[in-house]
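Listed here are the chains, written in short residue letters.
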Amino acid sequence: MGLNVIKRVVVEQNTMPHSWALQLSAVVVLWILKLLNERTLPLLMSSIRDSAPRRSGWSPPRIVCLLLLFALVTHTYGGCEFPGHWSGRWFQSGVGILQVNRTSIETKGECYDNQGDKFLIYDRSEDCYRCMVVHEKHTSVLQYKETYCDQKASLTELCYTITGDAALYSMFRKSPEPRPVPCPFKAAPFTFTYNRGSGECANPPSRAESCTDDSRLVLKYQACPDIESTESNVEELVCVATWKEGSTRYLVGRLNQVSRRSSVATDEDQYRCFVYERVAGGSGSNRVTYHVAQSGDATCNGLQNVLEGSRTIRLTTADSHHGRCRFPSWITDHHTWLSLDHSRTYKFSLRNATLRITTAAAATAGAGGVSSASAAESSARHHHDMPYEHHSSASGAEEQDEVRVVCHSILSSVEQRRVQIVAHVTAGCDSGYVCMMFHKRDNTVIEIQQSDGLYENTDDACRYFDPTTTPYTTLIAPALHPSRCPHWGRYTVQGTRLAADAAGGGRKRRRQAPDVGGTEISGPGPDTGSEGGVLTPPECLSHDYEALAIGCGSATHDTMDFKSPCPHQPISAYFCHGSWQENNTHYLIASPVARKSTDALRYCLVYTFEGPDTPAGASSSSAAGALTATGAANINTGAGGAHNRPPTERGASALPAPPPHATMMRLSGLYDTCHRHIVPGKSGLWAFNFTTNGGCSQSGETGASSVLVAPALNMLLTVLVLTSSVDSNIGSAVRLEYPFRAQLADRYTTQPCIV
């Protein structure tokens, strides 16, 4: 009968005004949508097509047909959809993984109709309908209530049957993998008590530590011997979602059993719901308390308030010293510091209480052209120097390689030179207290020493700290400007060779090794002495450097120039930056003037001086100006550790006076930090030995014996000048003697050429 009515309206519409026909068509469309299904559509369309008069233009019958078709298509394929961002895989306790797309929910059915958060779902397998009321608490959490699957009824009628005490179901997103949220528990570390229904476990107190990733919190439970259901256990909480309903705050998280990593944890074991409340301390108190209640399964059922739950926890801030301790201004004047090889960045907070240490992603891949083996060794040394390691979390996710250091207390301080502090360190989810000592070397160079291991008590952090054996980490300011080089003069070297070739009994092998600038140089083939068919000059294969000039290349005296016999690169120049002296060893930070892609960014040059009376292996107190070569130079990739005596209290920017009898300089270069175990001239990334060769004004070379002749020659010239000054008739000769004496003294003196 309904179809006959529609036919009569459509066919007889030519007797009515078009406006009235359109209004009636709209009413008919609404009525048809209540009755129409996919089986009646072809019959309706065929009936309309056969009965409607044929006329051109957009007549009302055609409009009605189009409206009906559009309404049906829209209703069937696009009128009811779930929000697009719900699509993905979800976990529901007792069900497992559910797949959600724009039109259906696995195990529930297809979206048939909706109004706001109410959805009418058609289950094809059972040929029935249900109402689902879905609330999006967070992008990673859906909660819903539903009716039983029943015969078809309107959305309003079905949803009306849901009562207030109906079961609440929770769905947690699995994929796309949700991004964790910051945990709401601020100001860690905490001490806490907990209750599992058998009484509160308060003694010994349990402890909660934050991680460098603020979406994680480590809960370290202690067992109370007099209370049942308590045990020593470590859990890692990963915060997934937070929201608020009225005055109640909710948290959904994943709990990973750190102490039971070998066991396989399921989603049922990991997901838990929490309610929490923050209670601030009284006036004048920095302590904060959090009351927390936890669900007993992977749902949010049964959580009414913070005092009722499967387990209740009371977190209390454990330490208020952090708020009062600040790093000294001479450290934080440079907000950012870099390790020598730029593999680590050290950033201080605006309040100067927190230091964040991050590792560059490319640190393990190479350090500015240094070989990959050396880079890997450098990365390993960095981890050795730090009392904590890069690791994976209990959940298996890779942690960001970041360390957070919070100043706890200052134990001792030498104004603008050295400070010793106790700091709270967090690396990943490992945390504890360490002893740290900062040394100022120059305005743009500092060094750090730190204890090995993490301690739970602040009193233990520095108890076993020994600065004489603790490694150093050298840090530099991001912007280094050239400065005057110490120990000006000219130096020469002979017999440069690869340490690996020497160890191989002189048998040459084709290999790659860094030169002074870190450039990878291809060695000769087994017999040809050529590379790619192009003959390489022999002076470019031996890695020789003939001479070194310090402070002689410019009026500012801020460069070191290594001279090579290789015509392709006759000079390798380096800027001098900060320098300092520790007892009898000198340290200088240098960088390439014209850096190639294979060069390291910065170098630490370690050198000592020896005189004719200095035993082998010892060094004089400071440096000579110009030296001449006596030994072979080593180039190798060894560098590691860092141990020696503590530094002297010498001013960081002072230029040490040259020793009067220095005849030998031993020098090594490093690229990652200024290691203290290095033997200058023997180990390091590269090493050279030198003897005297004149001041900056001299370009020639002399033997080492010329240094011994210089004092006697100076005395003889002085006697001659004094004698000649007695006779006034040879005053002109006196004026000629002085410049001659100056030239000879300049040629043979061991003093630097200071302008």
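Residues numbered from 1 in each chain as written. Predicted model: local features only at pLDDT ≥ 70, side-chain atom pairs only at ≥ 80, totals over all residues. Heavy atoms only, no water.

A. Here's a closer look at the overall build of the protein. Looking only at helices and strands, one finds 12 helices and 38 strands in the protein. Within the span of the protein, comprising 755 residues, buried residues form 47% of the whole. Contacts spanning at least 24 positions in sequence make up 59% of the contacts within the protein whose residues lie at least 6 apart. Counting every atom, the protein has about 36100 Å² of accessible surface; 53% of that belongs to carbon and sulfur. (Helix = DSSP H or I, 4+ residues; strand = E, 2+ residues; numbered from the N terminus. Buried < 20%, exposed > 50% of the residue type's maximum accessible area, 1.4 Å probe, protein only. Contact = heavy atoms within 4.5 Å. Areas by Shrake-Rupley, 256 points an atom, 1.4 Å probe, with all protein chains shown as cover.)

B. How the structure looks around the side chain of E235. Looking at the secondary structure, you find E235 in strand β12 (residues 233–245). Take E235: its relative accessible area is 5%, and that puts it in the buried class. Among the polar contacts listed, one links the side chain of E235 to the side chain of Q257, at a separation of 3.0 Å. Setting aside its immediate chain neighbours within four residues, E235 contacts L217, V218, L219, Y221, L255, N256, Q257, V258 and R311. (Polar contact = N/O pair within 3.5 Å; in protein donor to acceptor, adjacent residues only side chain to side chain.)

C. Region of interest: the pattern of salt bridges. Considering all chains together, one arrives at 20 salt bridges under this definition. Across the pair E146 and K108 runs a salt bridge whose closest N-O atoms are separated by 3.1 Å. One end of the pair, E146, is in strand β7 (residues 141–146); the other, K108, is in the loop between β3 (104–105) and β4 (109–115), with 38 residues separating them in the sequence. Connected through salt bridges with shared partners, the residues K108, D123, R130 and E146 form a single ionic network. (Salt bridge = Lys/Arg side-chain N within 4 Å of Asp/Glu carboxyl O.)

D. Layout of the packing of aromatic side chains. Counted under the stated rule, the structure contains 27 aromatic pairs. Centroid distance W243 to Y250: 5.3 Å. Interplanar angle 5°. Geometry classified as stacked. Here W243 and Y250 have matching classes, each one buried. An aromatic cluster of three or more residues is present, and its members are Y491, F562, Y574, Y603, W686, F688 and F690. Against the face of Y472 rests R676, its NZ or CZ located 3.8 Å from the ring centre. (Phe/Tyr/Trp six-rings, centres within 6.5 Å; stacked < 30°, edge-to-face > 60°. Lys NZ or Arg CZ within 6 Å of the ring centre and 35° of its normal.)

E. Quick look at the state of the cysteines. The tally for this structure, following the rule as stated, stands at 11 disulfides. The residue that forms a disulfide with C128 is C149, at a sulfur-sulfur distance of 1.8 Å. Where C128 bonds to C149 through sulfur, the torsion about that S-S bond is close to 100°, and the disulfide is right-handed. Placement of C128 in strand β6 (residues 128–138) and of C149 in the loop between β7 and α5 (155–159) is noted, with a sequence separation of 21 residues between them. (Disulfide = S-S within 2.5 Å.)

F. Looking closely at the sheet that holds strand β13 (residues 248–257). Around the barrel, which closes on itself, the 8 strands sit in the order β9-β10-β11-β12-β13-β14-β15-β16 with antiparallel pairing between neighbours. Going across the sheet, the axis of each strand differs from the next one's by a mean of 35°, ignoring polarity. As defined by bridge partners, strand β10 (residues 200–210) adjoins strand β11 (residues 216–221) across 4 bridges and the pair is classed as antiparallel. Counted as the bridge partner of A208 is L219 from β11. (Pairing = 2+ DSSP bridges. Axes fitted to C-alpha atoms, helices over the stretch in contact; angles between N-to-C directions.)

G. Layout of the nonpolar core. Membership of the largest hydrophobic core comes to 37 residues, with the highest contact counts inside it found for V405, F438 and I589. Per-element accounting of this core gives the leading share, 5 residues, to strand β21 (residues 418–427). Setting aside its immediate chain neighbours within four residues, F438 contacts F327, W330, I331, R417, R418, V419, I421, I446, E447 and I448. Residues V493, L588, A590 and L685 belong to the second largest nonpolar core, which totals 26 residues. (Core = buried A, V, L, I, M, F, W, Y, C linked by side-chain atoms within 4.5 Å.)

H. Summary view of the sheet that holds strand β24 (residues 473–476). Pairing within the closed barrel is antiparallel, and its 8 strands lie in the order β17-β18-β19-β20-β21-β22-β23-β24. Looking at each pair of strands side by side, their axes are set apart by 30° on average, direction ignored. As paired elements, strand β20 (residues 402–414) and β21 share 10 bridges and run antiparallel to each other. Across the sheet, residue I410 finds its bridge partner in β21, namely I421.

I. Highlighting the pairing of strand β34 (residues 585–592). Of all the 8 residues making up β34, 8 are buried; the element is thus mostly covered by neighbouring parts of the structure. Judged by which residues are buried, β34 turns out to be covered on both faces: T585, Y587, I589 and S591 on one side and H586, L588, A590 and P592 on the other are all buried. Where strand β33 (residues 571–582) and β34 come together, 7 bridges link them in antiparallel fashion. Along β34, the bridge assignment pairs Y574 with P592. From the end of β33 to the start of β34, which pair antiparallel, there are 2 residues, and N583 there has a positive phi angle of about 55°.

J. Structural view of the confidence of the model for the protein. The predicted model of the protein averages 73 in pLDDT, with 61% of residues at 70 or higher. Contacts from residues 619–657, a stretch scored under 50 in pLDDT, to residues over four places away or in other chains number 185 contacts. Between residues 700–755, whose pLDDT stays under 50, and residues either more than four places distant or in other chains, the model counts 51 contacts. (pLDDT = per-residue confidence, 0-100.)

K. Structural context of unusual backbone geometry. Following S175, the chain continues to P176 via a peptide bond in cis, the omega torsion being -5°. Note that P176 resides in the loop between β8 (169–175) and β9 (190–195). At the junction of N203 and P204, the peptide bond is cis and its omega measures out at 5° in the coordinates. Tracing the sequence through the fold places P204 in strand β10. Even without glycine at this site, H487 takes up a positive phi of about 60°. In this structure, H487 sits in the loop between β24 and β25 (489–492). Using a relative accessible area of 7% as the deciding quantity, one classes H487 as buried. The backbone of H557 shows a phi angle near 55°, a positive value even though the residue is not glycine. Tracing the sequence through the fold places H557 in the loop between β31 (547–550) and β32 (559–563).

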